[in-house]
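Geometric and topological summary
Letter by letter, the chains look like this.
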Amino acid sequence: MVTRSEVTTETGPDAQAIPLQERESFQFRCHQGVSCYLTCCHKLELRLYPYDIICLKNKLSCSSTEFLERYTRLGAGVHPYFPAVMLNMVVSEEAPCPFLRESGCSVYTDRPSACRTYPLERGVEKEGVGAKLKSHYSVVHHSYCKGHDEENSYTVRQWKREQRLDSFNLMNDLWAEVDAFFAGDPWQGEGHAGPRQQLAFMVCYNLDAFRAYCIENKLTSRYRMDRDQRRRIERDDAELLKFGFNWLLHVLGNKRTLTPR
Ligand code: SF4
Ligand code: SF4
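Residues numbered from 1 in each chain as written. Chains lettered and ligands numbered in written order. Predicted model: local features only at pLDDT ≥ 70, side-chain atom pairs only at ≥ 80, totals over all residues.

1. Here we look at the site of ligand 1
Quick reminder of the rule: Residues are counted as near a molecule or strand when the C-beta atom, derived from backbone positions, lies within 6 Å of that molecule or strand. Residues were grouped as follows: Ala, Val, Leu, Ile, Met, Phe, Trp, Tyr, Cys and Pro as nonpolar; Asp, Glu, Lys and Arg as charged; and all remaining residues, including Gly, as polar.
The environment of ligand 1 is formed by C41, L44, C97, F99, L100, C105, V107, R111, P112 and C115. Across the shell around ligand 1, the residue classes break down as nine nonpolar, no polar and one charged.

Structure follows, in structure tokens:
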């Protein structure tokens, strides 16, 4: 089983990860001519982050509820207090990713963070409460990946730009803050199936259901924000997710991420 990861580091047993600074370079190119082309899109343990799900369900023109039901399963999170959402591989001997076609990745422009970051892995850490998240990168060498034998080289910074990683990293960092809060077991003894965790799961992973919940409960009108911000939240999934993260930190952790009216 191959593991692609981001935010957390799970390189897998057959891989070697070498830490890299932003200005350091690595040799790599993935293209249709490599002998391993698309072999890496099989038998994956691929964790999806909240922003990945938004991008994929919009690319596939389906709701987040449909996306979760059709393509995912629950998996172990990075701590015991909140589950991860894993992409299901197709059930067959080769177990390809459900988005893999003969011509390549059918969701390429909206592929998940881990796929667009590869062959790099990104980890984040925080030095103490209130400190800013710090990210670090490693380049991962899997024995099957021949992209490292190609002559092209990139710095980490160039790779981030080329793969358009900034918006994914930004959203994943916000998610990392929320998940770090969940790691403190804020469920007040309710456990996994309790209403608080169900609510948090909806906000983080089932954004269309959260949008309906916001409308039904007039949620945004309960907090101070200007009209433009309210409009952005109403129209833009990423803005709604940011609001949802702040709302969870506020209602579950009593944090001052939102100001009640
Ligand atoms: S989403 Fe695309 S790049 Fe990622 S594993 Fe699936 S087919 Fe491969
Ligand atoms: S070069 Fe690496 S990333 Fe590209 S197809 Fe081959 S195994 Fe996958």
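2. Quick notes on the confidence of the model for the chain
What counts here: A score between 0 and 100, pLDDT records how confident the predictor is in each residue. Think of it this way: build a C-beta for each residue from its backbone, and any pair within 7 Å is a contact.
Taken residue by residue, the chain gives an average pLDDT of 93. The fraction at 70 or more is 94%. Considering only residues more than four positions removed or in separate chains, one finds that residues 1-11, a stretch of pLDDT under 50, has 39 contacts.

3. With respect to the site of ligand 2
Near ligand 2, the surroundings consist of C30, V34, C36, Y37, L38, T39, C40, Y118, Y144, C145, K146 and G147. Residues belonging to the shell around ligand 2 are distributed by class as follows: nine nonpolar, two polar and one charged.

4. Re helix α9 (residues 237-253)
Since the α-helix turns once every 3.6 residues, residues separated by three or four places project in the same direction. Put simply, the test is: Think of it this way: any DSSP run of H or I at least four residues long counts as a helix, any run of E at least two long counts as a strand, and we number them from the N terminus. One less than the number of residues in a helix, times 1.5 Å, gives the span that helix is expected to have. Buried residues are those with 20 or more other C-beta atoms within 10 Å of their own C-beta, exposed residues have 12 or fewer, and partly exposed residues lie in between; C-beta atoms are placed from the backbone.
Compared with an ideal rise of 1.5 Å per residue, which puts 17 residues at 24 Å, α9 spans 23 Å between its outermost C-alpha atoms and is within 8% of the ideal. Listing the buried residues of α9 in full gives D237, L240, L241, F243, G244, F245, W247 and L248. In this structure, the buried residues of α9 make contact with α1 (50-59), α5 (166-182), α6 (195-205), α7 (207-217) and α8 (227-235). One or two positions beyond α9, positive phi appears at N254, with a value near 55 degrees.

5. Some details on the environment of D173
The residue D173 is located in helix α5 in this model. Taking the C-beta count within 10 Å as the criterion, D173 has 16 such neighbours and is therefore assigned partly exposed. C-alpha separation for the pair D173 and W159, spaced 14 residues apart in sequence, amounts to 18 Å. Beyond its immediate chain neighbours, meaning those up to four positions away, D173 contacts V124 and L133.

6. Observations concerning the sheet that holds strand β2 (residues 15-20)
Just so we agree on the cut-off: Pairing between strands is defined by DSSP: at least two bridges between the two strands are required. Helix axes use the C-alpha atoms of the stretch in contact, all axes being lines fitted to C-alpha atoms, and the angles between their N-to-C directions lie in the range 0 to 180 degrees.
Taken in spatial order, the three strands of this open sheet run β2-β10-β9, and their pairing is antiparallel. The strands lining the two open edges of the sheet, one partner per strand, are β2 and β9 (120-126). For this sheet, the mean angle separating the axes of adjacent strands, direction not counted, is 35 degrees. With six bridges connecting them, β2 and strand β10 (residues 133-142) associate as antiparallel partners. Pairing of A17 across the sheet is with V140, part of β10.

7. Things to note about the nonpolar core
As a reminder, the rule being used: For this analysis, nonpolar core means a set of buried Ala, Val, Leu, Ile, Met, Phe, Trp, Tyr and Cys residues linked through C-beta atoms within 7 Å.
Counting 50 residues, the largest nonpolar core has Y51, I53 and L241 as the members making the most contacts within it. If we skip the residues at most four places from it in the chain, L241 touches P50, Y51, I54, M171 and L207.

8. What about the domain arrangement of the chain?
Under the convention used in this document: For the domain bounds, the source is a domain assignment made automatically or taken from a database.
Assigned domains of the chain: these are domain 1 (2-180) and domain 2 (188-253). Placing a centre on the C-alpha atoms of domain 1 and another on those of domain 2 gives a separation of 25 Å. Going through the elements one at a time, α1, α2 (64-71) and α5 are the ones with two or more residues in the side of domain 1 that touches domain 2. At five residues, α1 tops the list of elements feeding residues into the side of domain 1 that touches domain 2. Its residues assigned to classes, the side of domain 1 that touches domain 2 shows nine nonpolar, four polar and no charged.

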